[in-house]
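# Structural features, examined
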Amino acid sequence: MKALTSKEILDKVSDSSVFKGTADVKKLFLLAILAGAYIAIGGFASTMASYNLIADPGTFGLGKLVAGCVFPVGLMMVVLCGGELFTGNCMMVIGVADKKIKVANMLRNWVIVYLGNFVGAMIVVLFVTYSGQLDSSEGLLGAITVKMAVGKVNLDFGRAVVLGIMCNWLVCLAVWMATGAQATVSKIFAIFFIILPFIIGGFEHSVANMYFIPAGMIAATNDAYVQLLGLDISGLTIGAFIVKNLIPVTIGNIIGGGVFVGMFYWLIHRK
């Protein structure tokens with residue numbers, strides 16, 4: 001079947017916002033838990049595949065490439081298996097602009113899905129840490145997990161916002177292209193090649209960070225991981241996680257997906 005045009009994708013995304021904005025709370029929350037878990041699984045798997053390369057400055061770029069090749073599986077599962085992902089739902093602004101739903105419907109969805117995504121991500125965090133997987137390579141995976149979390153909570157607020165914008169601009173474009181693709185393999189390719197530069201570029205995804213930072217915080221309780229790379233974990237706190245990363249990155253994600261994808265295409269095709 002022929003792929004949808006950009007205007008047809010806009011119509012489809014607009015129509016989907018009606019379900020998203022009015023769906024049963026329990027159904028939304030369960031779908032959001034699944035989506036958060038899928039993204040977290042992609043995050044863990046990408047780190048597992050690349051941590052040895054990332055640990056060496058000489059192969060850091062190659063490590064990011066490997067991570068970028070693995071991480072897209074998370075969004076593939078969300079799109080193809082079903083799930084409600086906050087970052088993709090930032091495009092619900094299209095439904096609001098088309099007056100199919102109210103702002104209150106959109107915000108209701110965002111709150112429910114955001115919380116569900118966090119629960120799903122935390123389930124994977126607990127599974128990964130309890131399973132002992134972070135002990136891989138004599139604790140190097142655990143050390144890299146802590147290092148990643150430390151880096152994320154030490155971003156400047158403005159930089160975190162910009163990295164969030166760039167991230168969800170790409171994530172929503174991946175969802176946009178997958179929506180327009182008709183065959184399963186086409187959806188997979190659409191997601192893979194758009195998410196790849198997001199990971200390589202080191203952009204910030206609020207839901208992915210619901211895995212990366214809590215996993216790093218728990219790993220930081222193991223002195224062996226911290227000492228392996230001589231890390232300073234003094235700033236790795238719940239407050240820093242929320243204020244210095246989650247809030248600015250979420251703001252950036254809303255702008256990236258809602259404005260640079262949703263409103264841009266709405267203005268192009270509706271106005």
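Quick look at the structure, then.

Reading the values: rules and limits
Residues numbered from 1 in each chain as written. Predicted model: local features only at pLDDT ≥ 70, side-chain atom pairs only at ≥ 80, totals over all residues. Heavy atoms only, no water. Helix = DSSP H or I, 4+ residues; strand = E, 2+ residues; numbered from the N terminus. Buried < 20%, exposed > 50% of the residue type's maximum accessible area, 1.4 Å probe, protein only. Areas by Shrake-Rupley, 256 points an atom, 1.4 Å probe, with all protein chains shown as cover. Lys, Arg positive; Asp, Glu negative; His and termini not counted. Charge placed at Lys NZ, Arg CZ, Asp CG, Glu CD. Polar contact = N/O pair within 3.5 Å; in protein donor to acceptor, adjacent residues only side chain to side chain. Salt bridge = Lys/Arg side-chain N within 4 Å of Asp/Glu carboxyl O. Contact = heavy atoms within 4.5 Å. Disulfide = S-S within 2.5 Å. Core = buried A, V, L, I, M, F, W, Y, C linked by side-chain atoms within 4.5 Å.

A word on the overall build of the protein chain. Broken down by element type, the protein chain carries 13 helices and zero strands. Taken from N to C terminus, the helices and strands of the protein chain fall in the order α-α-α-α-α-α-α-α-α-α-α-α-α. Counting only C-alpha atoms and orienting by the principal axes, one finds that the protein chain spans roughly 55 × 35 × 35 Å. Taking all 271 residues of the protein chain together, the buried fraction comes to 51%. Of the accessible surface of the protein chain, which amounts to about 11,800 Å², a share of 70% is contributed by carbon and sulfur atoms. Computed over 18 positive and 13 negative side-chain charges, the inter-centroid distance for the protein chain is 13 Å.

Attention shifts here to the side chain of E204. Along the chain, E204 turns up in the loop between α10 (184-200) and α11 (206-219). In this structure the side chain of E204 is engaged in a polar contact, spanning 3.2 Å, whose partner is the side chain of N245.

Its identity is not glycine, yet K99 carries a phi of approximately 60°, on the positive side. Mapped onto the fold, K99 is located in the loop between α6 (93-97) and α7 (103-131). K99 sits in the exposed class, given a relative accessible area of 76%. The phi dihedral of S137 falls on the positive side, at around 55°, and the residue is not glycine.

This part covers the pattern of salt bridges. Overall, the coordinates contain six salt bridges when judged by the stated rule. The residue D11 makes a salt bridge to R270 at a minimum N-O spacing of 2.9 Å. In this pair, D11 sits in helix α1 (residues 6-22) while R270 sits in helix α13 (residues 238-270), placing the two residues 259 residues apart along the sequence. By relative accessible area, which is 25% here, D11 ends up partly exposed. Note that D98 and R270 form a salt bridge whose closest N and O atoms lie 2.9 Å from each other. Linking D98 in the loop between α6 and α7 with R270 in helix α13, this pair joins segments that are 172 residues apart in sequence. The structure contains a network of salt bridges with shared partners spanning K7, D11, D98 and R270.

With that out of the way, let us pick up the environment of T129. Position of T129 among the secondary structure elements: in helix α7. Engagement of the side chain of T129 in a polar contact is seen with the backbone oxygen of L126, the distance being 3.2 Å.

Our next topic: the environment of S46. Checked against the element boundaries, S46 lands in helix α2 (residues 25-55). Linking S46 and A67, residues 21 residues apart in sequence, is a C-alpha distance of 4.4 Å. With sequence-adjacent residues up to four places away left out, S46 is seen in contact with A67, V70, F71 and F212. A distance of 2.8 Å separates the side chain of S46 from the backbone oxygen of G43, its partner in a polar contact.

By the definition in use, this model includes zero disulfides. C81 takes part in no disulfide bond, and the closest cysteine sulfur to it belongs to C172, at a distance of 19 Å. Cysteine C90 shares no disulfide, and the gap to the nearest cysteine sulfur, in C172, comes to 5.8 Å. With relative accessibility at 1%, the residue C90 sits in the buried group.

Core analysis: the largest hydrophobic core is formed by 80 residues, its most contacted members being L75, I195, F198, Y211 and L236. If you tally residues by element for this core, the top one is helix α9 (residues 157-180), at ten residues. Among all residues touching F198, those that are not within four sequence positions of it are F71, C167, L170, V171, F203 and H205.

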